[in-house]
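Chain by chain, the residues:
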Amino acid sequence: LEEQSLVQHFHYPLLADCDFEARPMVLLVGQYSVGKTSFIRYLLESDFPGMHVGPEPTTDRFQAIMYGAAARELPGNALASNPDTPFYELSRCFGNAFLSKFSGCEVPSLFARGCTLIDTPGVLSGRKQTEDRLYSYEDVVRWFAP
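Residues numbered from 1 in each chain as written. Predicted model: local features only at pLDDT ≥ 70, side-chain atom pairs only at ≥ 80, totals over all residues. Heavy atoms only, no water.

1. Overview of helix H2 (residues 36–44)
Part 1 of the reasoning: Where H2 is concerned, the buried positions are Lys36, Thr37, Ile40, Leu43 and Leu44. Burial along H2 is one-sided: seen end-on, the buried residues are contained in an arc of 120°.
Part 2 of the reasoning: On its buried face, H2 sits against strand E1 (25–28), strand E2 (62–67), strand E4 (102–107) and strand E5 (116–119).
Part 3 of the reasoning: At the exit of H2 stands Glu45, carrying a positive phi of roughly 65°. (Buried < 20%, exposed > 50% of the residue type's maximum accessible area, 1.4 Å probe, protein only. Helix = DSSP H or I, 4+ residues; strand = E, 2+ residues; numbered from the N terminus. Arc of directions from axis to C-beta. Contact = heavy atoms within 4.5 Å.)

2. Notes on the pattern of salt bridges
Pairing of side chains with opposite charge becomes possible as their charged atoms draw close.
Part 1 of the reasoning: Enumeration over the complete set of coordinates arrives at four salt bridges.
Part 2 of the reasoning: For Asp139, the salt bridge goes to Arg142, with nearest N and O atoms at 2.8 Å. With Asp139 and Arg142 both in helix H6 (residues 137–144) and three residues apart, the pair spans about one turn of that helix.
Part 3 of the reasoning: Judged by its relative accessible area of 35%, Asp139 is partly exposed. (Salt bridge = Lys/Arg side-chain N within 4 Å of Asp/Glu carboxyl O.)

3. Some details on the pairing of E2
Part 1 of the reasoning: Of all the six residues making up E2, five are buried; the element is thus mostly covered by neighbouring parts of the structure.
Part 2 of the reasoning: Two strands pair when backbone bridges link them, and E2 and E4 are joined in this way by six bridges, in the parallel orientation. Residue pairing in the sheet places Ile65 in a bridge with Cys105 of E4.
Part 3 of the reasoning: With three bridges connecting them, E2 and E5 associate as antiparallel partners. In the strand pairing of E5, Gln63 is matched with Asp119. (Pairing = 2+ DSSP bridges.)

Purely geometric stuff here, so don't read any function into it on its own.
Pasting the structure below:
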């Protein structure tokens, strides 16, 4: 039905089989240093690979936190190049500038069994939001939360 109505030309890419099997994504967006990463740590009841917490802006990348048997970090390029992940379209949509600021991790948390959490860099003010980033923050957020 999606192919017949050419949905991919006016809204989003066609859904793949992995999209139907993927856990729902929960995107955490807000100003820097408001506790997005700390909130994720609270939900998971433990630290997670790639986590950075501090008074100054510390999260400088988008990070997908997913369920796995053991805690491990996953490079963003690997996630975006695997057609079996919901992140497969990221490389085509945003290129290497974004992929250098995207990573993932797996954690053995009961909470992560039910959803994939997306930690984000803080929203910056003024020109820093657009000029200091080599990708469109707004477009990436729109991709994660259409």
